[in-house]
Amino acid sequence: MTTDARIEQAQLLYERAVFGGDTGALATADLGLDAAEADLALARGRVIHARFLDERVENASELVLFERAAELYRKLGDVRGEGEALFWVGTFHQVVRDDTEAALPAFDRALDLATGADDRLTVSYVLRHLGFAEHMAGRLDEARRHLEESTRLRRELGFLPGVAANLIGLAHLAAQQERRDDAVSLLREATELAEATDAHGVMRWVAGARKELELP
């Protein structure tokens, strides 16, 4: 059910309670509105995060929104939603606050929930960010394993801009492991996928990686 439909349903349930005397309808209205609020909080938090990636200015309400979404999804028994919201809680700590230690419990829980809900897209996101954590800790083989599994899932889902983004991370790992030919090939494929999907942001990331890694 869409957010608009949930709000419309709540209005009808209100009328049933007030005019029809069916006060039991209010509990159903609460559940629908909680679900609508959770979806809205998650969506608004993602928009704020995208703005952070562009401007690099923290907005503390981002974390509040993601935590509120996770709380509401948990209350509703929505395992898939809770897993996605917790992924974003972890992302806030890792990307915005540069605090991977604080992010890991949220990532681990998100991975468990998303796996149980067969939410392969969220699993791919969590594995990507766990790969970043391993990379920063100097565990390059583990980082590669996480990123390659994330990439496999994204290929299965047809999420090609996400595949391209992951290939950039794998290219950085390849360069650090003295696999420069692999790094060149990975960035070439990332470019092809980004161009094919009009992922202009990813294309800028590829260009930045080439410059940083001094690759053609």
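Rules used in this analysis
- Residues numbered from 1 in each chain as written.
- Predicted model: local features only at pLDDT ≥ 70, side-chain atom pairs only at ≥ 80, totals over all residues.
- Heavy atoms only, no water.
- Helix = DSSP H or I, 4+ residues; strand = E, 2+ residues; numbered from the N terminus.
- Buried < 20%, exposed > 50% of the residue type's maximum accessible area, 1.4 Å probe, protein only.
- 1 Å grid on protein atoms, 1.4 Å probe; cavity = no way out; pocket = protein on both sides within 12 Å on 5 of 7 lines; lining within 4 Å.
- Points joined across faces, edges and corners; volume = space filled by probe spheres on them.
- Nonpolar A, V, L, I, M, F, W, Y, C, P; charged D, E, K, R; others polar.
- Expected span 1.5 Å × (residues − 1).
- Polar contact = N/O pair within 3.5 Å; in protein donor to acceptor, adjacent residues only side chain to side chain.
- Salt bridge = Lys/Arg side-chain N within 4 Å of Asp/Glu carboxyl O.
- Axes fitted to C-alpha atoms, helices over the stretch in contact; angles between N-to-C directions.
- Parallel < 35°, antiparallel > 145°, perpendicular 65-115°, else oblique.
- Left-handed = near helix turned anticlockwise from the far one by under 90°.
- Contact = heavy atoms within 4.5 Å.

Chemist: What is the right way to look at the environment of threonine 91 in this model?
Modeler: Its place among the elements puts threonine 91 in helix α4 (residues 79–96). With a relative accessible area of 2%, threonine 91 lands in the buried category. Considered as a pair, threonine 91 and alanine 43 are 48 residues apart in the sequence and their alpha carbons are 14 Å apart.

Chemist: Could you clarify how one ought to interpret the layout of surface pockets in this entry?
Modeler: Its volume calculated, the largest pocket comes out at about 1,100 Å³. Taken together, 34 residues make up the lining of the largest pocket; nearest its centre are Leu53, Arg128, His129, Phe132 and Trp205. With seven residues, the top contributor of residues to the lining of the largest pocket is helix α10 (residues 200–213). When grouped by side-chain class, the residues that make up the lining of the largest pocket number 17 nonpolar, ten polar and seven charged.

Chemist: Sorry if this is basic, but what is going on with α4 here?
Modeler: Since the α-helix turns once every 3.6 residues, residues separated by three or four places project in the same direction. Between its first and last C-alpha atoms α4 spans 25 Å; for 18 residues at 1.5 Å apiece the expected length is 26 Å, and the two agree. Capping the start of α4, aspartate 78 holds a side-chain oxygen 3.4 Å from the backbone nitrogen of arginine 80, two or three residues further along. After α4 finishes, the residue aspartate 98 shows a positive phi value of roughly 55°.

Chemist: Honestly, the pattern of salt bridges in this entry has me stumped. Any pointers?
Modeler: Close approach of charged atoms lets side chains of opposite charge pair. Applying the stated rule across the entire model yields 17 salt bridges. For arginine 120, the salt bridge identified is with glutamate 156, shortest N-O distance 2.9 Å. Residue arginine 120 is located in helix α6 (residues 120–136), and its partner glutamate 156 is located in helix α7 (residues 140–157); the two are separated by 36 residues in the primary sequence. In this structure, the salt-bridge partner of arginine 155 is glutamate 189, at a minimum N-O distance of 3.0 Å. Remark: glutamate 189 occurs in helix α9 (residues 180–196) and arginine 155 occurs in helix α7; sequence separation between them is 34 residues.

Chemist: Could you clarify how one ought to interpret the packing of helix α2 (residues 25–55) against α4 in this entry?
Modeler: The axes of two packed helices give the description: the angle between them and the distance between them. Packing of α2 against α4 brings their axes to within 11 Å, and their N-to-C directions diverge by 20°. The angle between α2 and α4 places the two elements in the roughly parallel class. Crossing hand, α2 versus α4: left-handed. Between α2 and α4, the residues in contact are Leu42, Arg46, His49, Phe52 and Leu53 and Glu84, Ala85, Trp88, Thr91, Val95 and Val96, respectively.

Chemist: Explain the packing of helix α8 (residues 160–176) against α10 here, please?
Modeler: As a packed pair, α8 and α10 sit with axes 10 Å apart at the nearest point and diverge in direction by 10°. On the basis of the axis angle, α8 is roughly parallel to α10. Residues Pro161, Ala164, Ala165, Ile168, Ala171, His172 and Ala175 of α8 touch α10, and the partners they reach there are Val202, Trp205, Val206, Ala209, Glu212 and Leu213. Split by residue class, the contact of α8 with α10 holds eleven nonpolar, one polar and one charged.

Chemist: Is there a simple way to explain the environment of alanine 165 in this structure?
Modeler: Position of alanine 165 relative to the elements: it lies in helix α8. Classification of alanine 165 by relative accessible area gives buried; the value is 9%. A C-alpha to C-alpha distance of 9.6 Å links alanine 165 and alanine 199, two positions 34 residues apart in sequence. Ignoring sequence-local partners within four residues, the contact set of alanine 165 consists of Arg128, Val202 and Trp205.

Geometric descriptors of this kind do not, in isolation, establish any biological role.
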